Amino acid sequence: EAQVTQNPRYLITVTGKKLTVTCSQNMNHEYMSWYRQDPGLGLRQIYYSMNVEVTDKGDVPEGYKVSRKEKRNFPLILESPSPNQTSLYFCASSRQVQETQYFGPGTRLLVL
Amino acid sequence: QKEVEQNSGPLSVPEGAIASLNCTYSDRGSQSFFWYRQYSGKSPELIMSIYSNGDKEDGRFTAQLNKASQYVSLLIRDSQPSDSATYLCAVNPSGNTGKLIFGQGTTLQVKP
């Protein structure tokens, strides 16, 4: 089944404790992206990757890191999480940015 | 001015009516436009994409794009209670960029 998977789905952590949210797709898509969704603010793009080893900042990259060492995986790293990073995070992939993006199930993060 | 703007609603229509959802964008050179639907607690899923001026129809859904006026709309004919969701407008801005900018979404309620 073609899909985007994210892990974990739910995470409670404390300020400053490094964490990684994994994202994997099995559709051989070139493009992958991370978003956060907050009430009243909609979906905001954190980072995106047009291809392996190519990543770029979205609108809200501060406090996040990503890597794209292989086509299928695009992990999101929070080196020192803070409470303002409490949010719902979505990973998405597509063949190209101009085409349909397929979203993962979301990761709900709470930073205490 | 926000780059992509939508009325947050809620927009309430009776079952069987036409629902009209609107979106304006600020980057005149934007090339690709998308409508996503998001049910509460779920991931966004693509309804329509549109790339050139005019109308594009798919079943009960019609997307309309007017680049001169910088707006894109989504019409839902014969609205059903199952159409009740948040509708997200997304725009790929000009330049060879992987950015995708979402509006904050419009909540649609279809009342039986």
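Bear in mind the structure is a predicted one, so any value in this text is a computation, not a measurement. (Residues numbered from 1 in each chain as written. Chains lettered and ligands numbered in written order. Predicted model: local features only at pLDDT ≥ 70, side-chain atom pairs only at ≥ 80, totals over all residues. Heavy atoms only, no water.)

Below, the discussion takes up the overall build of chain B. Helices and strands together make up the secondary structure of chain B, namely 0 helices and 11 strands. Computed over its C-alpha atoms, the radius of gyration of chain B comes to 13 Å, within 12% of the 13 Å expected for a compact globule of 112 residues. Structurally, chain B occupies a C-alpha span of about 45 × 30 × 25 Å along its principal axes. Across chain B, every contact between residues at least 6 apart in sequence was considered, and the portion connecting residues at least 24 apart equals 53%. With the model as given, the accessible surface of chain B reaches about 5100 Å², and the carbon-plus-sulfur share is 45%. (Helix = DSSP H or I, 4+ residues; strand = E, 2+ residues; numbered from the N terminus. Rg over C-alpha atoms; globule rule 2.2 N^0.38 Å. Contact = heavy atoms within 4.5 Å. Areas by Shrake-Rupley, 256 points an atom, 1.4 Å probe, with all protein chains shown as cover.)

One number sums up the size of the largest pocket: a volume of about 450 Å³. Looking at the lining of the largest pocket, the elements that each hand over two or more residues are strand E4 (31-38) and strand E9 (87-94) of chain A together with strand E9 (85-92) of chain B. Among the elements that make up the lining of the largest pocket, the one with the highest residue count is E9(B) (3 residues). Of the residues belonging to the lining of the largest pocket, the class tally is 6 nonpolar, 13 polar and 3 charged. Computed from the structure, the second largest pocket encloses a volume of approximately 290 Å³. What lines the second largest pocket is a set of 17 residues, and nearest its centre among them are Tyr102(A), Phe103(A), Ser43(B), Pro44(B) and Glu45(B). (1 Å grid on protein atoms, 1.4 Å probe; cavity = no way out; pocket = protein on both sides within 12 Å on 5 of 7 lines; lining within 4 Å. Points joined across faces, edges and corners; volume = space filled by probe spheres on them. Nonpolar A, V, L, I, M, F, W, Y, C, P; charged D, E, K, R; others polar.)

Residue and element names in this part refer to chain A. Looking at the element boundaries, Ser87 is found in strand E9. Once the C-alpha coordinates of Ser87 and Val111 are considered, the two residues, 24 residues apart in sequence, prove to be 8.8 Å apart. With residues near it in sequence (within four places) discarded, Ser87 still touches Arg36, Gln37, Asp38, Thr107, Arg108 and Leu109. Separated by 2.7 Å, the side chains of Ser87 and Asp38 make a polar contact. (Polar contact = N/O pair within 3.5 Å; in protein donor to acceptor, adjacent residues only side chain to side chain.)

Let's shift gears to the environment of Ile46(A). Residue and element names in this part refer to chain A. Tracing the backbone shows Ile46 in strand E5 (residues 42-51). On a C-alpha basis, the gap between Ile46 and Gly58 in space is 4.7 Å, while along the polypeptide they are 12 residues apart. Apart from residues no more than four positions distant in its own chain, Ile46 is found in contact with Trp34, Tyr35, Arg36, Lys57, Gly58, Val60, Pro61, Tyr64, Leu76 and Tyr89.

In this section: the pattern of salt bridges. Where charged atoms of side chains with opposite charge meet at close range, the side chains can pair. Residue and element names in this part refer to chain A. Within the structure shown, the criterion is met by 9 salt bridges over all chains. Notably, a salt bridge pairs Asp38 with Arg44, separated by 2.8 Å at the nearest N-O pair. By relative accessible area, Asp38 is classed as buried at 11%. When its relative accessible area of 24% is taken as the criterion, Arg44 is described as partly exposed. One salt-bridge network, in which partners are shared between bridges, spans Arg36, Asp38 and Arg44. (Salt bridge = Lys/Arg side-chain N within 4 Å of Asp/Glu carboxyl O. Buried < 20%, exposed > 50% of the residue type's maximum accessible area, 1.4 Å probe, protein only.)

On to the state of the cysteines, then. Under the definition given, this model contains 2 disulfides over all chains. Here Cys23(A) connects covalently by a disulfide to Cys91(A), the sulfurs 1.8 Å from one another. In this structure, the disulfide formed by Cys23(A) and Cys91(A) twists by about -70° around the S-S bond and is classed as left-handed. With Cys23(A) in strand E3 (residues 19-25) and Cys91(A) in strand E9, the pair connects residues that are 68 residues apart, well separated along the chain. In terms of burial, Cys23(A) and Cys91(A) fall into one category: buried. With a sulfur-sulfur separation of 2.1 Å, Cys23(B) is cross-linked through a disulfide to Cys89(B). Here the disulfide of Cys23(B) and Cys89(B) is left-handed, its torsion about the S-S bond being about -70°. Taken together, the positions of Cys23(B) in strand E3 (residues 19-25) and Cys89(B) in strand E9 put the pair 66 residues apart, joining distant regions of the chain. (Disulfide = S-S within 2.5 Å.)

Below, the discussion takes up the sheet that holds strand E1 (residues 4-7) of chain A. Residues and elements named next belong to chain A. The 4 strands are arranged E1-E3-E8-E7 in an open sheet whose pairing can be described as antiparallel. Among the strands making up the open sheet, the edge pair consists of E1 and strand E7 (65-66). Of the strand pairs in this sheet, E7 and strand E8 (residues 76-78) are connected by 2 bridges, and their pairing is antiparallel. Across the sheet, the residue bridging to Lys65 is Ile77, located in E8. (Pairing = 2+ DSSP bridges.)

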